[in-house]
There are 2 protein chains.
Amino acid sequence: MELTYTFRDAALVALALTHRSAGKPNNERMEFLGDALLGAIVAEMLYETHPKATEGEMSRLRAQLVNGQALAVMARELELGERLKLGSGELKSGGFRRDSILADAFEALVAAVYLDGGFEACRDTVRGLFANRVAALPRSSKDAKTRLQEWLQAQGWPLPQYELVATEGEDHARIFDVNCVVTQPVSISAPGRGNSRRLAEQDAAEVVLSRLRVAQDGH
Amino acid sequence: MELTYTFRDAALVALALTHRSAGKPNNERMEFLGDALLGAIVAEMLYETHPKATEGEMSRLRAQLVNGQALAVMARELELGERLKLGSGELKSGGFRRDSILADAFEALVAAVYLDGGFEACRDTVRGLFANRVAALPRSSKDAKTRLQEWLQAQGWPLPQYELVATEGEDHARIFDVNCVVTQPVSISAPGRGNSRRLAEQDAAEVVLSRLRVAQDGH
């Protein structure tokens, strides 16, 4: 993998590859900007390639592509490790191989392209780097009810119950309200709504999934 | 406050203002994209206006500007509530006044500008909307040692200890390694490094602050 962008200002690249162990200035501030740009550009890619994915699905797919480990892999493909500027401590302890340091440099490099060449240049570069990875993502992920069922089964927990709470509207435009209820070992009840009972159940299952994930992250 | 942008495609605005309670299609997917764009554009504003802020400080400042409550305030200033399309249930229960629904619509509207007019249009719009708020931020926030001390005092906890661990390098380019140690009621020891002892201590205090925040968020 190669960076297709050619920098006008070489100092920006050097700064992007300077770890904080080497003193100040370093790439920490650029990393903040690059992380945000990466999030937006990959969000747009998924918005385009996955027109039927829900917000939750796109968010999960992005987390799959943009996380410390994945970015470290990309940094290695770009051979950023060899070009990092590290303090002598990090140098001795092999900091140029550390995932977190590599991922941060990758993010900072994205910011450097933006600062050097503007948004379109940055977008083109990021899209180029992520094109194959985005293309390799499953086109349509499993629906929320299936994912919830599989997740609960994996924990050895009982399956959820779906309850019809209410319907409203005329026959041709009826709206269904359901609850998805998990009772053991945690108690969760989440509402869902849709133009069919199935869509409402998918909607509720998605909410339960997100709550389960929040609960997990807390540990 | 007014949206300075004029849409070519009115359908995009309508979609941005359609809550999921009104059925599909709705603004959920656009909200995902808008949230990411907002994060990047505000990150850039802070990168410019706060050239001395650390990554952690910029991240905190952004969270102050871009959060559900703050975005709901901006949505009200733009009078988005009156223009929301809601399902009848949300309509009856006053969904057009709900912070989360308003904030989501605001984010979706940012995406709508992007999809309609491109990045520069979106950036100009967001910068216009946030200009006063960014200008009102404290120019230089308190340093990390001060913030850590104040935070610990607010909890009634003992003050941290800073220990010099090592120095390395020639006299003119010495690097200091310190530890910032908090022992009660939680035990945290975090490393810091810098070209002076003071900078190294600031660095370590910043790490302790971030760990304390992580610990708090876990509850």
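Residues numbered from 1 in each chain as written. Chains lettered and ligands numbered in written order. Predicted model: local features only at pLDDT ≥ 70, side-chain atom pairs only at ≥ 80, totals over all residues. Heavy atoms only, no water.

**Things to note about the pattern of salt bridges**
All names here are of chain B.
- Counted according to the given criterion, the structure contains 34 salt bridges over all chains.
- For Arg127, the salt bridge goes to Glu44, with nearest N and O atoms at 3.4 Å. Pair noted here: Arg127 is in helix α7 (residues 119–135) and Glu44 is in helix α2 (residues 28–49), with a separation of 83 residues, a long-range link. (Salt bridge = Lys/Arg side-chain N within 4 Å of Asp/Glu carboxyl O. Helix = DSSP H or I, 4+ residues; strand = E, 2+ residues; numbered from the N terminus.)

**Remarks on the interface of chain A and chain B**
- Each partner contributes residues to the interface: chain A has 40 residues there, and chain B has 39 residues.
- Around 3,400 Å² of area is buried between chain A and chain B when both sides are counted, 54% of it from carbon and sulfur atoms.
- The three residues of chain A that bury the most area against chain B are A:Arg29, A:Phe32 and A:Tyr47, which together make up 25% of that side's buried surface.
- Seen at the junction of chain A and chain B, the total is 2 salt bridges.
- Between B:Asp203 and A:Arg20 there is a salt bridge; the shortest N-O distance is 2.7 Å. (Contact = heavy atoms within 4.5 Å. Buried area = accessible area lost by both parts, 1.4 Å probe.)

**What about the relation of the copies chain A and chain B?**
- Between the two copies, chain A and chain B, the superposition gives an RMSD of 0.1 Å; the rotation angle is 180° and the shift along the axis is 0.1 Å. What the rotation and shift describe, once combined, is the action of a two-fold rotation axis.
- A share of 98% of the interface residues of chain A reappears at the interface of chain B, consistent with the copies meeting face to face through the same patch. (Least-squares fit on C-alpha atoms with pLDDT ≥ 70 in both.)

**Quick look at the domain arrangement of chain A**
- Along its sequence, chain A is organised into domain 1 (10–135) and domain 2 (144–217).
- Centre-to-centre separation of domain 1 of chain A and domain 2 of chain A, based on C-alpha positions: 36 Å. (Domains from an automatic or database assignment.)

**Here's the deal with the packing of aromatic side chains**
- For the structure shown, the criterion picks out 9 aromatic pairs over all chains.
- On the basis of an interplanar angle of 90° and a centroid distance of 4.9 Å, the ring pair of B:Tyr5 and B:Phe7 is categorised as edge-to-face. Residues B:Tyr5 and B:Phe7 agree in their burial class; the two are buried.
- Both rings, one in B:Trp151 and one in B:Trp157, keep their centres 5.4 Å apart while their planes meet at 85°; by these two values the pair is edge-to-face.
- Three or more aromatic residues joined by ring pairs form one cluster here, namely A:Tyr114, A:Phe119, B:Tyr114 and B:Phe119.
- Over the aromatic face of B:Tyr47 sits the side chain of A:Arg29, whose NZ or CZ is 4.7 Å from the ring centroid. (Phe/Tyr/Trp six-rings, centres within 6.5 Å; stacked < 30°, edge-to-face > 60°. Buried < 20%, exposed > 50% of the residue type's maximum accessible area, 1.4 Å probe, protein only. Lys NZ or Arg CZ within 6 Å of the ring centre and 35° of its normal.)

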